[in-house]
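Below are the chains, spelled out letter by letter.
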Amino acid sequence: CLPVNNYLISITGIFAAFALMKFLSVNKIRFMPSLRKYTYTIYLLQWFPMVAVRIILFQILGWDRWLCCPIMFLAGLYIPVLIGKLALRYLPRKAPGKYALISIGL
């Protein structure tokens, strides 16, 4: 119930994420290598599909919160990748297309 507990949980999660990344790098384990060139695109665009899924599934349809969270995660991961792949395939590399690619992190 204390706010300190929330901070400790958050800090523990951050340390766990850093420890996992350190473990993966030391042991040279490649984590999702096919998504490497889309990481900045995922970072820039992940919020929009996650919020859309939350609004549609959780608030409108009333699905269970624990079912919505994995779907939100997958939507936030793969919809930006799909947008990035479509942009790389169909946008020209010249003037307007170049700036569009830069704006989504490619």
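In what follows, the structure referred to is the one given above.
## What about the packing of aromatic side chains?
Overall, the coordinates contain two aromatic pairs when judged by the stated rule. Here the aromatic rings of Tyr40 and Tyr43 are separated by 5.8 Å at their centres, their planes lie at 25 degrees, and the arrangement is stacked. Highlighted residues: Tyr40 and Tyr43, both in helix 2 (residues 39-45), separated by three residues, approximately one helical turn. Tyr40 sits in the partly exposed class, given a relative accessible area of 46%. Taking the relative accessible area as the measure of exposure, Tyr43 reaches 58% and is therefore exposed. Between Trp47 and Phe48 the ring centres are 5.3 Å apart and the planes differ by 85 degrees, which places this aromatic pair in the edge-to-face class. A cation sits over an aromatic face here: Arg65 above Trp66, 5.9 Å from the ring centre.

## With respect to the packing of helix 3 (residues 47-60) against helix 4 (residues 65-90)
Here helix 3 crosses helix 4 at 150 degrees, and the two axes come no closer than 8 Å. With respect to helix 4, the element helix 3 is oriented roughly antiparallel. With respect to the hand of their crossing, helix 3 and helix 4 are arranged in right-handed fashion. Residues Pro49, Met50, Val53, Arg54, Leu57 and Phe58 of helix 3 form the contact with helix 4, whose own contacting residues are Arg65, Cys68, Ile71, Met72, Ala75, Gly76, Ile79 and Pro80. Of the residues in the contact of helix 3 with helix 4, the class split is 11 nonpolar, one polar and two charged.

Reading the values: rules and limits
Residues numbered from 1 in each chain as written. Predicted model: local features only at pLDDT ≥ 70, side-chain atom pairs only at ≥ 80, totals over all residues. Heavy atoms only, no water. Phe/Tyr/Trp six-rings, centres within 6.5 Å; stacked < 30°, edge-to-face > 60°. Helix = DSSP H or I, 4+ residues; strand = E, 2+ residues; numbered from the N terminus. Buried < 20%, exposed > 50% of the residue type's maximum accessible area, 1.4 Å probe, protein only. Lys NZ or Arg CZ within 6 Å of the ring centre and 35° of its normal. Axes fitted to C-alpha atoms, helices over the stretch in contact; angles between N-to-C directions. Parallel < 35°, antiparallel > 145°, perpendicular 65-115°, else oblique. Left-handed = near helix turned anticlockwise from the far one by under 90°. Contact = heavy atoms within 4.5 Å. Nonpolar A, V, L, I, M, F, W, Y, C, P; charged D, E, K, R; others polar.

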